[in-house]
Amino acid sequence: QVHVVESGGGLVHTGDSLRLSCAASGGTFSSYIMGWFRQAPGAEREFVAAIHWNGGNTYYTDSVKGRATISRDNAKNTVSLQMNSLKPEDTAVYYCAVDRTLLGPWPRTRPYHYEYWGQGTQVTVSS
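The structure displayed is predicted, hence computed values, not measured ones. (Residues numbered from 1 in each chain as written. Predicted model: local features only at pLDDT ≥ 70, side-chain atom pairs only at ≥ 80, totals over all residues. Heavy atoms only, no water.)

A.B. asks: So what about the overall build of the chain? Which residues, and what values?
C.D. replies: Across its full length, the chain holds 0 helices and 11 strands. Reading the secondary structure of the chain in the N-to-C direction produces β-β-β-β-β-β-β-β-β-β-β. Relative to the globule expectation of 14 Å for 127 residues, the C-alpha radius of gyration of the chain, 14 Å, shows essentially globular dimensions. Seen through its principal axes, the chain has C-alpha atoms that stretch 40 × 25 × 25 Å. Element-wise, carbon and sulfur atoms account for 49% of the exposed surface of the chain, whose accessible area totals about 6300 Å². The chain carries 11 positive and 10 negative side-chain charges, and their two centres are separated by 4 Å. (Helix = DSSP H or I, 4+ residues; strand = E, 2+ residues; numbered from the N terminus. Rg over C-alpha atoms; globule rule 2.2 N^0.38 Å. Areas by Shrake-Rupley, 256 points an atom, 1.4 Å probe, with all protein chains shown as cover. Lys, Arg positive; Asp, Glu negative; His and termini not counted. Charge placed at Lys NZ, Arg CZ, Asp CG, Glu CD.)

A.B. asks: Could you give an account of unusual backbone geometry, with specific residues and numbers?
C.D. replies: With an omega of 5°, the peptide bond between Trp106 and Pro107 qualifies as cis. Here Pro107 is to be found in the loop between strand E9 (92–99) and strand E10 (116–117). Look at Asn77: it is not a glycine, yet its phi comes out positive at around 60°. Structurally, the position occupied by Asn77 is in the loop between strand E7 (68–73) and strand E8 (78–83). Given a relative accessible area of 29%, Asn77 falls into the partly exposed group. (Buried < 20%, exposed > 50% of the residue type's maximum accessible area, 1.4 Å probe, protein only.)

A.B. asks: Outline the nonpolar core, supporting the account with residue identities and numerical values.
C.D. replies: Core analysis: the largest hydrophobic core is formed by 29 residues, its most contacted members being Met34, Trp36, Ile70, Val79, Leu81, Tyr94 and Val98. Those residues within four positions of Ile70 in sequence are excluded, and the remaining contacts are Met34, Trp36, Ala49, Ala50, Ile51, Thr58, Tyr60, Val79, Ser80 and Leu81. Among the nonpolar cores identified, the runner-up in size contains 6 residues, and Phe37, Phe47, Ala50 and Ala97 belong to it. (Core = buried A, V, L, I, M, F, W, Y, C linked by side-chain atoms within 4.5 Å. Contact = heavy atoms within 4.5 Å.)

A.B. asks: Give me the state of the cysteines: which residues, what numbers.
C.D. replies: Under the criterion given, the structure shown has 1 disulfide. Paired through a disulfide, Cys22 and Cys96 show a sulfur-sulfur distance of 2.1 Å. Linking Cys22 and Cys96, the disulfide has an S-S dihedral of approximately -75° and is accordingly described as left-handed. Note that Cys22 is positioned in strand E3 (residues 18–25) and Cys96 in strand E9, a separation of 74 residues in sequence. On the basis of relative accessible area, Cys96 is assigned to the buried category, the value being 0%. (Disulfide = S-S within 2.5 Å.)

A.B. asks: How would you sum up the environment of Tyr112? Please name residues and give values.
C.D. replies: Position of Tyr112 relative to the elements: it lies in the loop between E9 and E10. Residue class for Tyr112 comes out exposed when judged on its relative accessible area of 67%. Once the C-alpha coordinates of Tyr112 and Asp99 are considered, the two residues, 13 residues apart in sequence, prove to be 9.3 Å apart.

A.B. asks: Tell me what's going on with the sheet that holds E7, and back it up with residues and numbers.
C.D. replies: The 4 strands are arranged E1-E3-E8-E7 in an open sheet whose pairing can be described as antiparallel. Strand pairing shows two members of the sheet lacking a second neighbour, strand E1 (3–7) and E7, which therefore form its edges. On average, each strand axis in the sheet is tilted by 15° relative to the strand beside it, whichever way the strands run. Bridging between E7 and E8 involves 6 bridges; their strand directions are antiparallel. (Pairing = 2+ DSSP bridges. Axes fitted to C-alpha atoms, helices over the stretch in contact; angles between N-to-C directions.)

A.B. asks: Pulling in residues and values, what's your account of a nonpolar patch on the surface?
C.D. replies: Residues Trp53, Leu102 and Leu103 make up a contiguous nonpolar surface patch of roughly 340 Å² in combined accessible area. Turning to its location among the elements, Leu102 is positioned in the loop between E9 and E10. (Patch = residues over 30% accessible without salt bridge, like charges linked within 9 Å, V, L, I, M, F, W, Y side chains within 5 Å. Salt bridge = Lys/Arg side-chain N within 4 Å of Asp/Glu carboxyl O.)

Here's what the structure looks like:
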């Protein structure tokens, strides 16, 4: 069992930055692919970013490319998502997720690729 907890959400203004953090406990964090998803009211959960367990491969959805950076610290069992130049359309609940697949296609962008999820953290960007 893997326990996932997100933090760092809040209310910000257009153009501001925010850093989301995720801590995963249980199992071998260094072997997990970690992903960030978000879900706005009335919308489906959508992929934001993912980082491979090797740390060298990252992938972003087009709408956040150039504004977001995903990183991981295997010593601390944490993954972060730095979001810059935030826009009102970034408003959503952001979820961190764990994929324990060691070998498989990359990138992993579908919710069904991920086995464990956090409870989410709200990000609200006001215009």
